[in-house]
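Structure assessment
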Amino acid sequence: MRPWLIKLAFGLLIAAVIGNGYLFWAWNHALEPGTEIYEVKPGTPLRSFARELSARGVLPESHSFVWLAHLTGRDRGLKPGEYRFRDGMSARELLDQVVAGRVIEYPVVLLEGWTFQQFLAAIRAAPKLTQTLAGMSPAAIMERLNRPGEHPEGRFFPDTYYYSAGQTDIMILANAYDKMQQLLQREWEGRENNLPLKNAYEALILASIVEKETGRADERRLIAGVFINRLRHGMRLQTDPTVIYGMGKNFDGNLRLKDLRRDTLYNTYTRRGLPPTPVAMPGKESLQAALHPMVTGALFFVARGDGSHEFSSTLAEHNRAVVKYQLKGKTPETKKK
């Protein structure tokens, strides 16, 4: 073999070794992207994204990243969205993340006991969420969810939901709606026998009342039991949360005797049975309590002032509890003196 061919072959071999060594280093060495957000817009070409990463100091240059994508068949698979990459990851791992679409997710927290309007307020305040429901009535929103004619209260499961930039508010509501319907159906099928509830929707209404009456896990089934007993006896439920809900914006934080006497569709002091709709979004525990109430003879309960309640089976016992916990030991006659 001629000397110049030997030198050329040797040179090519050295170049190949160096090139392969560089590519191995470029694809596998630890990157330091920091805490910044990197966005892949819909339709962004691979080369453009690689150049951006290089310009922002994440990659030493863009060509090796493009080669990596081509060689692994992932040069057309970038998922749009916002990304945050961890320090110490390799170019391979970075490419894996963008191809898999592991984008930044933001939480929106919807709490137990909130009303539909409070749900909407939290969703509207969520950053990076595309708002499509502004100015729409509750009825119109339910139509958007393909649930025309349904009252929205109580139909959405309270939970923490995650979304990525650009996703819509209706997506959050659709997820919450589906989750509540699945839970309600499952719990209704496993309910106790002989409950005075006609259907799953009545269970949802009762669960919303239980949710508003107590935040104590150990009392939910007891309170549900009281309301079940009252329904069986044909007694009025006489529960303040329903009155407050019926007052709407007129409620100023104080519930007065005149409010209890003013009739509305939701006033369970003036009307028998359950109110026409839920009064809040119940959580799983309240729904389970409504369908698995504690079996007792209790027909009354009164707040003790520490978050717990005193339960009574007779009106006389209840009146004594009211004097003890609500009137601080003073009877109505004593207060008049």
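Let us look at the structure shown here. Please read all numbers here as calculations on a predicted model, not as lab measurements.

1. Comments concerning the overall build of the protein chain
Helices and strands together make up the secondary structure of the protein chain, namely 14 helices and 6 strands. Burial statistics for the protein chain: of 337 residues in total, 40% are counted as buried. When contacts within the protein chain are restricted to residue pairs at least 6 apart in sequence, long-range pairs at least 24 apart make up 63% of them.

2. A look at the environment of Asp-178
Secondary-structure assignment places Asp-178 in helix H7 (residues 169–189). Between the C-alpha atoms of Asp-178 and Arg-155, which are 23 residues apart in sequence, the distance is 8.7 Å.

3. A few points about the packing of helix H3 (residues 63–71) against helix H4 (residues 91–100)
Two elements in contact, H3 and H4, have axes whose closest approach is 11 Å; the angle formed by their N-to-C orientations is 60°. What the angle tells us is that H3 and H4 run oblique. For the pair H3 and H4, the crossing hand works out as right-handed. Residues Phe-65, Leu-68 and Ala-69 of H3 lie in contact with H4, whose contacting residues are Ala-91, Arg-92, Leu-94 and Leu-95.

4. A word on the pattern of salt bridges
With the rule as written, the count across this model stands at 12 salt bridges. Connected via shared salt-bridge partners are Glu-36, Glu-52 and Arg-56.

5. Quick word on the packing of aromatic side chains
For the structure shown, the criterion picks out 10 aromatic pairs. Note on Tyr-38 and Phe-85: the rings are 5.5 Å apart at their centroids and 35° apart in plane angle, and the pair reads as tilted. Of this pair, Tyr-38 sits in strand E1 (residues 38–40) while Phe-85 sits in the loop between strand E2 (81–83) and H4; the two residues are 47 residues apart in sequence, bridging distant segments of the chain. Residue classification places Phe-85 among the buried residues on the basis of a relative accessible area of 1%. Centre to centre, the rings of Phe-156 and Tyr-177 are 5.7 Å apart; their planes meet at 65°, and the pair counts as edge-to-face. Of the two residues, Phe-156 is situated in the loop between helix H6 (138–144) and strand E4 (160–163) and Tyr-177 in helix H7; the sequence distance between them amounts to 21 residues. Under the relative-accessibility criterion, Tyr-177 is labelled buried at 4%.

6. Examining the environment of Leu-133
Here Leu-133 lies in the loop between helix H5 (116–124) and H6. Put simply, Leu-133 and Ile-123 are 10 residues apart on the chain and 10.0 Å apart in space, counted from C-alpha to C-alpha. Once residues within four sequence positions are removed from consideration, Leu-133 is found in contact with Arg-124, Ile-141, Arg-144, Asp-169, Ile-170 and Leu-173.

7. Some details on the packing of H7 against helix H12 (residues 284–291)
Two packed helices can be described by the angle between their axes and the distance between those axes. Taken N-terminus to C-terminus, the directions of H7 and H12 make an angle of 25°; their axes are 10 Å apart at the nearest point. Judged by the angle between their axes, H7 and H12 are roughly parallel. Helix-helix and strand crossings are classified by hand; for H7 and H12 the assignment is right-handed. Counted together, Leu-183, Leu-184, Glu-187 and Trp-188 of H7 and Lys-284, Leu-287, Gln-288 and Leu-291 of H12 form the full contact between these two elements.

8. A short note on the pairing of strand E5 (residues 300–303)
Direction of pairing for E5 relative to strand E6 (residues 309–312): antiparallel, over a ladder of 4 bridges. Each bridged residue has a counterpart across the sheet, and for Phe-301 the counterpart in E6 is Phe-311. Counting the residues in the hairpin turn of E5 and E6 gives 5 residues, including Gly-305, whose phi is positive at 100°.

9. Quick notes on H12
Within H12, burial applies to Ser-286, Leu-287, Ala-289, Ala-290 and Leu-291. Turning to H12, the residues buried within the fold contact H7, helix H8 (200–213) and helix H9 (220–233).

10. Focus on the side chain of His-318
Mapped onto the elements, His-318 comes out in helix H13 (residues 315–325). Exposure remark for His-318: the relative accessible area of 15% places this residue in the buried category. Setting aside chain neighbours within four positions, we find His-318 in contact with Phe-300, Phe-301, Val-302 and Ser-312.

11. Here we look at H13
Residues lying three or four places apart along an α-helix face the same way, a consequence of the helix completing one turn every 3.6 residues. For H13, the full list of buried residues reads His-318, Ala-321, Val-323 and Tyr-325. Contacts made by the buried residues of H13 are with E5 and E6.

12. Here's the deal with the side chain of Ser-286
With respect to the helices and strands, the residue Ser-286 is situated in helix H12. Those residues in contact with Ser-286 that sit more than four places away from it in its chain are Ala-207, Val-210, Glu-211 and Arg-220.

13. Examining the environment of Glu-285
In this structure, Glu-285 sits in helix H12. Residue class for Glu-285 comes out partly exposed when judged on its relative accessible area of 43%. Note: C-alpha distance between Glu-285 and Glu-211 (74 residues apart in sequence) is 8.5 Å.

14. Let's talk about the nonpolar core
Formed by 55 residues in total, the largest nonpolar core has its most connected members in Phe-156, Leu-173 and Leu-197. Top contributing element to this core by residue count: H7, with 9 residues. Contact partners of Phe-156, with chain neighbours within four places excluded, come to Phe-116, Phe-119, Met-142, Leu-145, Leu-173, Ala-176, Tyr-177, Met-180 and Met-281. Within the second largest apolar cluster, 23 residues are counted, among which are Leu-68, Leu-78, Leu-95 and Val-99.

Conventions adopted
Residues numbered from 1 in each chain as written. Predicted model: local features only at pLDDT ≥ 70, side-chain atom pairs only at ≥ 80, totals over all residues. Heavy atoms only, no water. Helix = DSSP H or I, 4+ residues; strand = E, 2+ residues; numbered from the N terminus. Buried < 20%, exposed > 50% of the residue type's maximum accessible area, 1.4 Å probe, protein only. Contact = heavy atoms within 4.5 Å. Axes fitted to C-alpha atoms, helices over the stretch in contact; angles between N-to-C directions. Parallel < 35°, antiparallel > 145°, perpendicular 65-115°, else oblique. Left-handed = near helix turned anticlockwise from the far one by under 90°. Salt bridge = Lys/Arg side-chain N within 4 Å of Asp/Glu carboxyl O. Phe/Tyr/Trp six-rings, centres within 6.5 Å; stacked < 30°, edge-to-face > 60°. Pairing = 2+ DSSP bridges. Core = buried A, V, L, I, M, F, W, Y, C linked by side-chain atoms within 4.5 Å.

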